Amino acid sequence: MATPEGFPASFYGEPGVLGMLANGISAFLVLLQNFNAAHTGKEAYGVENILAGVHLILIGGICQLIAGLLSFRKYDHLSGTAFIGYAALWASYGATRIYFGVSDNQTTNQTSNLSLSTDLMTNISLNGSAETPGGYFFLSIKESAIAGLIPYILLSFLLAFCSATVNYIMPFVFGAITATLIFEAVAIVASSWALVVSGVLELLILMFAIYGSAVLLLKGLTQRLALKGFGTPLFNVLLLGIGNSASAQSIGQEKKKNTKYAEPMALGFFCDSIAPFIFAFYSFGYMKSFGLGAAWISIISFAQLFSSYYAHLRQDCYHTTKFGFHATYWLIKAWGEFVASALIGNKSEVGSAREAMVGNWFFVVAGLILCVGSLNMDILELIHNMLFVLVTVSSVPQIPLEGYYIFFGVACALFTAVSIYGTFARLINSIAEKLLIPVGKQPVSTANMKKALKWGKSQQVGSEMVPHTDQASDVLFYLLNGVAALSAIHSKVSSMNPTFLHLTIPWVLISGAIIQAYVSRLQVTGGGRFGSVISSIYVGVWATWTWFRFAGTLLQLSTGAAYAFTAGAIALLVINGFLMLIAAYKNLVLLLLTTVMEVVLVCFLLSTLQRLPYRLEIAMLALVAIICVYGILATLVSGIFSERLIPMGPPLLKEVKKQETSPELPCPIASSRLTSGLLKIAGILEQGGVCGIPTDTVYALAASCKNPQAIEKIYNIKDRPAEKPICICISSVEQLVAAKPPFSPLLWEFMRNVYPGGISCIVKKGDWLFQLGVGPAYDRVGTRDSIMIRVPDHTVTGHLCNITGPLAITSANPSGEADSTHHSMVIDRLGHKIQGVLCDGDSNEVVASTVVNCLKIDEGTITLVREGCVPAVKVYQIFERVKSTML
């Protein structure tokens, strides 16, 4: 139902309520344990720790993750980054509590063997080795927790500072979390007084969070800020840009939005700050075991996959690839170190076994390719990628063990420093919609990049255009299969080494199966003809390969079990034959990859029969990796430039399409460049039809206000909820002036400053609408007491409104789906339901207009209902300027 004075409450969905409460309740759970420990002198033990950890994961982790995901869909850069970042924090801290609890129980169960345990711990601390596999599992829990908390302290401080540019509730919440993390880290080391201080700070978090949630909840219910705290920043974010005129290209020049989703770059840099920091602590010897460290890095890596996913939704091939690539590397390294330190424990055995592993080299090559892609971005991206290449080089297993960890630790420390700066720069620039924090110029111009990367026939004019989304998932597909293939290479001697087999499992399983399952999800949404068929099958291939070739040897599978894998290998051979057929419809590179994989599967079949030709398998796996390197380069370049610059080869099979001399369109169309086309659409609207028309933002469905029944049709065409009102569109402010609405001078001046353009104003309804020409549609547009008015900055739409009078418009898409940015999208999605489309090519924007509630403008306030193509900062700047001129 519509509220009396504005748009429906559904427009005011506030995931911040859930995010704030998740932080407050999580802090409250820790507070109870801290105060109890300070009061009784006994720390939480066993099951108490485990239960607290589970609650932190469920409330602070999962609930806050949901709030972060919804914030990204609400185009809230700060909340999306902060809530997912803090979700990872609370989930990691919950995992730490669980580790403490399980460790306590383990200690209790071993009290009868206390002297033996003491000898084992002494041996571990002195030699770094243990007789029993898994002896390291519960070592260094406190050290791991501190190593994880420190980067979160730094990043939480940055989030508190950035949030001060948006409102003055979040800075107190995030600032209190920052201080709490400091004293939680101190309390882990020794001090009981730190528990008391931490508990007091957690109480403050709870209080601030409850108040902030109440403010946002009331905002959603009343459609206005009933309580103070949001809507007014502590300081203007634009102040951060003073003195930066010499930085990036056109500092202060506004960036154009390209999707409905918030920018995930800050979240990606956030995650790239946590993982390498923990690795640096471990590499410098602060942590003896990576048991808990693997949990912390796994959680933050999965958070980084969400930044990759939202980059995919924004059709950003580069960042989809980059963050997916980094998350894969951190996961593999984390579980590799977990196996090495917590399960094996003997450093000399680990060092000798690692020498036979070559999978890390694929990360080095892929990192260099990303460096090439970042030449089209900015200096910050290039430096970040170059340092990541340094990280991958430093973790090459062929480096002698004496210098391996020092080199890796230094590289991770440098990468962490740049990632923290990147988090701050990307977040502030996203909030301000301006380049306020320097990120450097574009190293190489787009034209020069294209010229350098064009191969062969692709240099001709009219190169093949490719969609962003398909390429983003394809890059990761080639990357993951390349890592898995190169990591699976081993000799007959290596296959007899259980340490090598243990260490190889994470490399093949995580890249080939776990992360590739995520890629198959991306390919489902990519809209390709064959969807995720190939990647989904290869998930099964690499999972089966890992189970039999590496884990199977360790488990000593029986002959009968081996024959079961023989049957499975035959089935995979047959299925891969069909994948080859699918690849023949796509491109030559994919066909070559699936063909070589057929030979690899033959080798797998022979291995189940104990007849494996090792040299052939090594050659084929290496060839798969080489093909994947080429596939990464070609698809990444194509995705960045939306143009096939590096050839993938033509499809060998092509779908035979029936020739239709005169394809029948689902509805009449007209060209916006022809006067006759404009008159044709105007005639349809006059007769009560509904048409798709261009605007200065995205395409809209339009109906004449002279025909109320046509407005009702729009609801059926879009499956639009009845409680959502429709706005009106007019040609100019002068058309509005002629209707003589009783607007205040301040409202008139504000409208003259925002019209025509991508801002829509909600104003009070009145009899003046009849003078405007709304007439019979008075009860069909807007709410009972308010109406939203659009004056598009679009010549065609303006002329159409001059011919027909005011039009009732709404975005031309099925309710809940993405906006239409080309007339072909309107025809394909709604053509069978509407009476015409005015064709004007690509829309000027890919998001709808910004909606401003002006019902309280005479009280000196406006409310942003929806942030669209015009940034909120710009809207408020215009309003403040108008107010100052009216005084």
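Everything quoted here is computed from the prediction, not taken from an experiment. (Residues numbered from 1 in each chain as written. Predicted model: local features only at pLDDT ≥ 70, side-chain atom pairs only at ≥ 80, totals over all residues. Heavy atoms only, no water.)

**Student:** I tried to follow the overall build of the protein chain on my own but got confused; where do I start?
**Tutor:** A count of helices and strands for the protein chain gives 29 helices and 10 strands. Taking all contacts inside the protein chain whose residues are at least 6 apart in sequence as the whole, residues at least 24 apart take part in 76%. For the protein chain, the accessible surface area stands at approximately 35200 Å², while carbon and sulfur atoms represent 63% of it. (Helix = DSSP H or I, 4+ residues; strand = E, 2+ residues; numbered from the N terminus. Contact = heavy atoms within 4.5 Å. Areas by Shrake-Rupley, 256 points an atom, 1.4 Å probe, with all protein chains shown as cover.)

**Student:** What's the story with the sheet that holds strand S6 (residues 786–790) in this structure? I'm lost.
**Tutor:** Paired through their backbone hydrogen bonds, the strands of a sheet run either parallel or antiparallel. With mixed pairing, 10 strands are arranged side by side in an open sheet as S1-S8-S2-S3-S7-S4-S6-S5-S9-S10. Each of the sheet's edge strands pairs with one partner strand only, and the pair in question is strand S1 (669–671) and strand S10 (863–866). Shown here is a sheet whose adjacent strand axes are inclined to one another by a mean of 35 degrees, direction ignored. Judged from the 3 bridges that link them, strand S2 (residues 691–693) and strand S3 (residues 700–704) form a sheet pairing that is antiparallel. Residue pairing across strands places Gly-692 opposite Leu-701, the latter belonging to S3. Each of S2, S3, strand S4 (727–729), strand S7 (807–811) and strand S8 (836–839) touches helix H27 (residues 795–804); the most contacted strand, S7, lies at about 145 degrees to it. (Pairing = 2+ DSSP bridges. Axes fitted to C-alpha atoms, helices over the stretch in contact; angles between N-to-C directions.)

**Student:** I tried to follow H27 on my own but got confused; where do I start?
**Tutor:** Note that an α-helix has 3.6 residues per turn; residues three or four places apart therefore point the same way. Every buried residue of H27 is accounted for by Val-796, Thr-797, Gly-798, Leu-800, Cys-801 and Thr-804. In the segment just after H27, Gly-805 is the residue with positive phi, at about 90 degrees. (Buried < 20%, exposed > 50% of the residue type's maximum accessible area, 1.4 Å probe, protein only.)

**Student:** I tried to follow the environment of Gly-293 on my own but got confused; where do I start?
**Tutor:** Here Gly-293 is to be found in helix H9 (residues 291–313). When its relative accessible area of 1% is taken as the criterion, Gly-293 is described as buried. With 44 residues separating them in the primary sequence, Gly-293 and Glu-337 have C-alpha atoms 9.1 Å apart. Contacts of Gly-293, omitting those with residues within four sequence positions, involve Ser-144, Ile-278 and Met-287.

**Student:** I'm lost on the packing of aromatic side chains in this one. Help?
**Tutor:** Each aromatic ring pair is specified by the distance between its two centres and by the angle formed by the two planes. Under the defined criterion, the tally for this structure stands at 37 aromatic pairs. With a centroid separation of 5.5 Å and an interplanar angle of 65 degrees, the aromatic rings of Phe-279 and Phe-408 are classed as edge-to-face. On the criterion of sequence distance, the pair formed by Phe-279 in helix H8 (residues 265–283) and Phe-408 in helix H14 (residues 401–432) is long-range, its members being 129 residues apart. Looking at Phe-279, the relative accessible area reads 0%, which means it is buried. For the cation-ring pair, Lys-333 lies above Phe-408, with the distance from its terminal atom to the ring centre recorded as 5.0 Å. Between Lys-765 and the ring centre of Tyr-778, over which it is positioned, the NZ or CZ distance is 4.6 Å. (Phe/Tyr/Trp six-rings, centres within 6.5 Å; stacked < 30°, edge-to-face > 60°. Lys NZ or Arg CZ within 6 Å of the ring centre and 35° of its normal.)

**Student:** Help me understand the side chain of Glu-617, please; the structure alone is not making it clear to me.
**Tutor:** Inspection of the secondary structure puts Glu-617 in helix H21 (residues 614–641). Owing to a relative accessible area of 0%, Glu-617 belongs among the buried residues under this scheme. The contact partners of Glu-617, leaving out residues within four places of it in the chain, are His-490, Trp-545, Arg-549, Cys-603 and Leu-612.

**Student:** Can you walk me through the side chain of Asp-316 in this structure?
**Tutor:** Checked against the element boundaries, Asp-316 lands in the loop between H9 and helix H10 (317–344). At 5.2 Å, Arg-314 is the nearest oppositely charged side chain to Asp-316, a buried residue that forms no salt bridge. One polar contact links Asp-316 to His-319, side chain to side chain, over a distance of 2.7 Å. Setting aside residues no more than four positions away along its own chain, Asp-316 makes contact with Met-265 and Ala-311. (Lys, Arg positive; Asp, Glu negative; His and termini not counted. Salt bridge = Lys/Arg side-chain N within 4 Å of Asp/Glu carboxyl O. Polar contact = N/O pair within 3.5 Å; in protein donor to acceptor, adjacent residues only side chain to side chain.)

**Student:** I keep staring at empty space enclosed by the protein and nothing clicks. Help me out?
**Tutor:** One way to see where empty space is left: roll a probe the size of a water molecule over the atoms. Evaluated as defined, the whole model comprises 2 cavities of 30 Å³ or more. Roughly 110 Å³ of volume is contained in the largest cavity. Taken together, Ile-332, Lys-333, Gly-336, Glu-337, Arg-354, Met-357, Ser-395, Pro-397, Tyr-404, Leu-503 and Trp-507 make up the full set of residues lining the largest cavity. Here the lining of the largest cavity takes 4 residues from H10, the largest share from any one element. Estimated volume of the second largest cavity: approximately 60 Å³. Contributing to the lining of the second largest cavity are Val-30, Leu-89, Trp-90, Tyr-93, Leu-149, Ile-177, Thr-180, Leu-181, Glu-184, Glu-202 and Ile-205. Those elements that provide at least two residues to the lining of the second largest cavity are helix H3 (77–109), helix H6 (170–189) and helix H7 (193–222). For the lining of the second largest cavity, the element with the highest residue contribution is H6, accounting for 4 residues. (1 Å grid on protein atoms, 1.4 Å probe; cavity = no way out; pocket = protein on both sides within 12 Å on 5 of 7 lines; lining within 4 Å. Points joined across faces, edges and corners; volume = space filled by probe spheres on them.)

**Student:** Is there a simple way to think about the packing of helix H13 (residues 379–394) against H14 in this case?
**Tutor:** The description of two helices packed together rests on the angle between their axes and the distance between the axes. Between H13 and H14, the shortest axis-to-axis distance is 9 Å and the interhelical angle comes to 160 degrees. Relative to H14, the element H13 lies roughly antiparallel. As for the relative orientation of H13 and H14, their crossing is left-handed in sense. Among the residues making up the contact of H13 with H14, the classes are represented as 17 nonpolar, 4 polar and 2 charged. (Parallel < 35°, antiparallel > 145°, perpendicular 65-115°, else oblique. Left-handed = near helix turned anticlockwise from the far one by under 90°. Nonpolar A, V, L, I, M, F, W, Y, C, P; charged D, E, K, R; others polar.)

**Student:** Would you explain the environment of Arg-866 in this entry?
**Tutor:** Tracing the backbone shows Arg-866 in strand S10. Here the alpha-carbon distance between Arg-866 and Thr-850, two residues 16 residues apart in the chain, equals 5.5 Å. Apart from residues no more than four positions distant in its own chain, Arg-866 is found in contact with Ala-848, Ser-849, Thr-850 and Val-851. Within the structure, Arg-866 has its side chain in polar contact with the backbone oxygen of Ser-849 (distance 2.8 Å).

**Student:** Explain a nonpolar patch on the surface to me, please; I cannot follow it from the model alone.
**Tutor:** A cluster of nonpolar residues, Ile-570, Val-574, Phe-578, Leu-581, Tyr-585, Leu-588, Leu-652 and Leu-653, forms a patch on the protein surface that exposes about 720 Å² of accessible area. In terms of residue count, the dominant contributor to the nonpolar patch is helix H19 (residues 559–584) (4 residues). Summarising the element assignment, Val-574 is placed in helix H19. (Patch = residues over 30% accessible without salt bridge, like charges linked within 9 Å, V, L, I, M, F, W, Y side chains within 5 Å.)

**Student:** Would you explain the pattern of salt bridges in this entry?
**Tutor:** Side chains that differ in sign of charge can pair as their charged atoms come close. Per the counting criterion, the structure on display carries 17 salt bridges. Linking Arg-784 and Asp-785 is a salt bridge whose minimum nitrogen-to-oxygen distance equals 3.5 Å. A salt bridge links Lys-883 to Glu-880, with the nearest nitrogen and oxygen atoms 3.8 Å apart. Highlighted residues: Lys-883 and Glu-880, both in helix H29 (residues 872–886), separated by 3 residues, approximately one helical turn. Glu-880 gets classed as partly exposed once you look at its relative accessible area, which sits at 44%. Beyond isolated ion pairs, a larger network of salt bridges with shared partners links Lys-322, Asp-378, Glu-381 and Arg-426.

**Student:** Quick question: what am I supposed to make of the environment of Cys-371 here?
**Tutor:** With respect to the secondary-structure elements, Cys-371 resides in helix H12 (residues 360–374). A relative accessible area of 10% means that Cys-371 is categorised as buried. When residues no more than four places from it in sequence are discounted, the contact partners of Cys-371 are Leu-382, Asn-385, Met-386 and Val-389.

**Student:** Is there a simple way to think about the confidence of the model for the protein chain in this case?
**Tutor:** As a general rule, the predicted coordinates of low-pLDDT regions are not to be interpreted in detail. Residues at a pLDDT of 70 or more form 87% of the protein chain, whose mean pLDDT is 85. Ranking the helices and strands of the protein chain by mean pLDDT puts H13 first, with 96, and helix H4 (residues 114–127) last, with 40. Confidence drops under a pLDDT of 50 for residues 242–259, and excluding neighbours within four residues, the segment shows 46 contacts in the predicted structure. Note on residues 458–463: pLDDT under 50 across the span, and 6 contacts to partners over four residues away in sequence or across chains. (pLDDT = per-residue confidence, 0-100.)

**Student:** Help me out: how do you make sense of unusual backbone geometry in this one?
**Tutor:** In this model, Tyr-755 is joined to Pro-756 through a cis peptide bond whose omega is -10 degrees. The topology assignment puts Pro-756 in the loop between helix H25 (745–754) and strand S5 (759–764). For Gln-610, which is not a glycine, the phi torsion comes out positive at approximately 60 degrees. Structurally, Gln-610 can be placed in the loop between helix H20 (588–608) and H21. According to the relative accessible area criterion, Gln-610 is exposed, its value standing at 60%.

**Student:** Mind showing me how you'd approach the pairing of S5 here?
**Tutor:** The side chains of a regular strand alternate, residue by residue, between the two faces of the sheet. Buried residues dominate S5, accounting for 5 of its 6 residues. Of the pairings in the sheet, the one linking S5 to strand S9 (residues 850–853) comprises 4 bridges and is parallel in character. Opposite Cys-761, over in S9, you have Val-852 as the bridge partner. Two strands pair when backbone bridges link them, and S5 and S6 are joined in this way by 4 bridges, in the antiparallel orientation.

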